[in-house]
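Fold and contact review
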Amino acid sequence: APPTPSGSGGSGRGDASHLTPRGGAGVGAMSRRERGPGPGSAEVAAEDAEPESPDQCLSLLPWDRFSAWLHCVCVVGFDLELGQAVEVIYPPHSKLTDKEKTNICYLSFPDSNSGCLGDTQFCFRFRRSPGRKVSLCCFLDQLDRDLPVYLKKDSAYYYGYVYFRQVRDKSLKRGYFQKSLVLISKLPYVHLFRTMLKQIAPEYFEKSDSFLEAACSDIDRWPPPVPGKVLQLPIMGLTMKLRIPTYRDKPGTTPTVQNMHQADAQISMALPTVHEVDLFRCFCPVFFHIQMLWELVLLGEPLVVMAPSPAESSETVLALVSCISPLKYCSDFRPYFTIHDSEFKEYTTRTQAPPSVILGVTNPFFAKTLQHWPHIIRIGDIKVPGDVPKQVKVKKLKNLKTLDSKPGVYTSYKPYLNKDEEIVKQLQKGVQQKRPTEAQSVILRRYFLELTESFIIPLERYVASLMPLQKCISPWKSPPQLRQFSQDDFMKTLEKAGPQLTSGLKGDWIGLYRHFLKSPNFDGWFRSRQKEMTQKLEALHLEALCNENLVFWSQKHTEVETVDLVLKLKNKLLQADREHLPVKTDTLKKLQTHINDIILALPDDLQDILLKTGS
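Calculation rules
- Residues numbered from 1 in each chain as written.
- Predicted model: local features only at pLDDT ≥ 70, side-chain atom pairs only at ≥ 80, totals over all residues.
- Heavy atoms only, no water.
- UniProt positions renumbered as here; feature names shortened; annotations may be inferred.
- Helix = DSSP H or I, 4+ residues; strand = E, 2+ residues; numbered from the N terminus.
- Buried < 20%, exposed > 50% of the residue type's maximum accessible area, 1.4 Å probe, protein only.
- Pairing = 2+ DSSP bridges.
- Axes fitted to C-alpha atoms, helices over the stretch in contact; angles between N-to-C directions.
- Contact = heavy atoms within 4.5 Å.
- Salt bridge = Lys/Arg side-chain N within 4 Å of Asp/Glu carboxyl O.

Under an unreviewed UniProt entry, the chain has the name DEN6A protein and belongs to Urocynchramus pylzowi. Entered under Sequence similarities (unreviewed entry) in the UniProt record, the comment concerning the chain runs "Belongs to the DENND6 family."

The step from Tyr90 to Pro91 runs through a cis peptide bond, and the omega angle for that step is -15°. Within the secondary structure, Pro91 is located in the loop between strand S4 (83–90) and helix H3 (98–107). Going from Ser325 to Pro326, the amide bond is cis rather than trans, its omega being 10°. Along the chain, Pro326 turns up in the loop between helix H9 (310–322) and strand S12 (332–334). Look at Trp63: it is not a glycine, yet its phi comes out positive at around 75°. Within the fold, Trp63 resides in the loop between strand S2 (57–58) and helix H2 (64–69). Owing to a relative accessible area of 4%, Trp63 belongs among the buried residues under this scheme. Here the phi dihedral of His580 falls at roughly 50°; this positive angle occurs in a residue that is not glycine. Of note, His580 is situated in the loop between helix H18 (559–578) and helix H19 (585–600).

Here we come to the sheet that holds S12. Strand order in the open sheet formed by 5 strands is S12-S13-S11-S14-S15, and the pairing between neighbours is mixed. Taken across any chain shown, the strands that pair with only one partner, and hence form the sheet edges, are S12 and strand S15 (408–411). In this sheet, adjacent strand axes meet at a mean angle of 15° when their direction is disregarded. Along the sheet face, H9 touches strand S11 (303–306), S12, strand S13 (357–361) and strand S14 (375–378) and points at about 160° away from the line of S13.

A word on the sheet that holds strand S9 (residues 238–243). With mixed pairing, 3 strands are arranged side by side in an open sheet as S8-S9-S10. A single partner strand is all that each edge strand has here, and the edge strands are strand S8 (230–235) and strand S10 (267–270). Recorded for the sheet is a direction-independent mean angle of 25° between the axes of neighbouring strands. Bridging between S8 and S9 involves 6 bridges; their strand directions are antiparallel. When the sheet's bridge partners are listed, Leu233 is paired in S9 with Met240.

A complete count under the given rule lists 23 salt bridges for this structure. The partner of Glu343 in a salt bridge is Arg127, and the shortest N-O contact between them spans 3.6 Å. Of this pair, Glu343 sits in the loop between S12 and helix H10 (344–348) while Arg127 sits in strand S5 (residues 118–127), and the two are 216 residues apart along the sequence. For Arg127, a relative accessible area of 29% puts it in the partly exposed group. Three or more residues are tied together by salt bridges with common partners; here these are Arg125, Arg127, Asp154, Asp332, Arg334, Asp341, Glu343 and Glu346.

Structure, rendered in structure tokens:
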């Protein structure tokens, strides 16, 4: 359909500008993959170098390439009568509900108390209005399957990446120029979009709409966000080079993207990551409590980050969510949350226990509204310390009266594990030796990864034991069911095969597991494992069928039974395609050959019917 102007909503105004649709066919797409072995077993270099064959190409419509990366770009300004308002939406045919526009308006500006003069970058996350179909859905789902679990998109939420400018301007009634350029996307690629905004936003504020139109046209020429390939993304004279991780990558390794010499005038920039934040910088204000914070995030406890500005609140929330990687944080999290948010009442009510959510806030009002929450992190301005940070005790919640309270962690939580003094000493030594913050972040990320893996390996081992043996799979019976997860049986395995095999940390690991098994993070992790194992059983069942002489079987049975078998086999093929079962292409071809051979052995009238039957 041709682009049409966006409808004006309660808090946003439509814009008369139109973009010329640009884009085209022949974008390389992922073919349906064969699931390889577990994480870390595939060679990245081989994966990156794999050429795309012509039959993998997918013809895309104008704006489809843009939509693979962004939902839309918004410009939010301040209107003396309306307050914050969406002034422009690109492309103009992008759809946002009134509720979504209202959320974007309020979340795109810092609270007035933040006093953010100059340029500020931050991000937010908000609920997507239900009931809208996404074009390209099938194609993007295909790409999503190759991502590590913590980077998979959540279709219920959008991210907003903001570049806010506030400068004095005497020609304006309020005396200030206030405007935000906002990228709305389902992708959690914080570093990529932050880098991109840094390139285009300052120039946009000088040149206005035609510049934004040109930038959007550039994005509509980008290749799809294919995991595992080195992608080159041109944007206004700059080419960003990056690689999106895949589920096959070994956790904790980041394949580097080399800067290559450009033959043309384009400037090239290699991005070391698409999604990671500066972990050490974010955790500096609460340096001595990183292990306790890891426990709180792992257990899905309600957490509030009170910060002086959206930049600090959003970075800290994202750092907290990433500290349990490669586990996915399965509850809601809001890098920047305001009193105008559509979930404000739901999340601040005192009539029920605080929900499992991490909120980043800056408004002093929250110090009073959320003082019943069990765990509050108060941070000041984030600065990488020149001196060794001083030991800060955990404070009692009753001491938190206002947002001006001293930085620290306010909670009565008692950690299950003993404190790891070694990591604290290692990071303190780094500060003394003026070690770069990037190197400190690498040490901290490795520490969190090893801690999470030590915790999750016993669970992985036990859940793998719930899988039926391969000899139990019969081609003539339905695939066997997984055995039930038993908390008692799992706890018994910890004595000999617990975290003590990989971690030297002492403490109440059993208590930590009991608490974790009741958390949303366990629920999300276990559902994901269940789905993978059930699909593996279906795939093994398909292979068992392929290894049978099905034509010989059909000759010994009645026509009715043979027709029933053909229909069941056709349904199996459809299921394999629909659910993307981890089956080799050869197996599917072999099964299709079996079906054709059985049909050809039947009478002509039945052949005609069965060859026309899709399922």
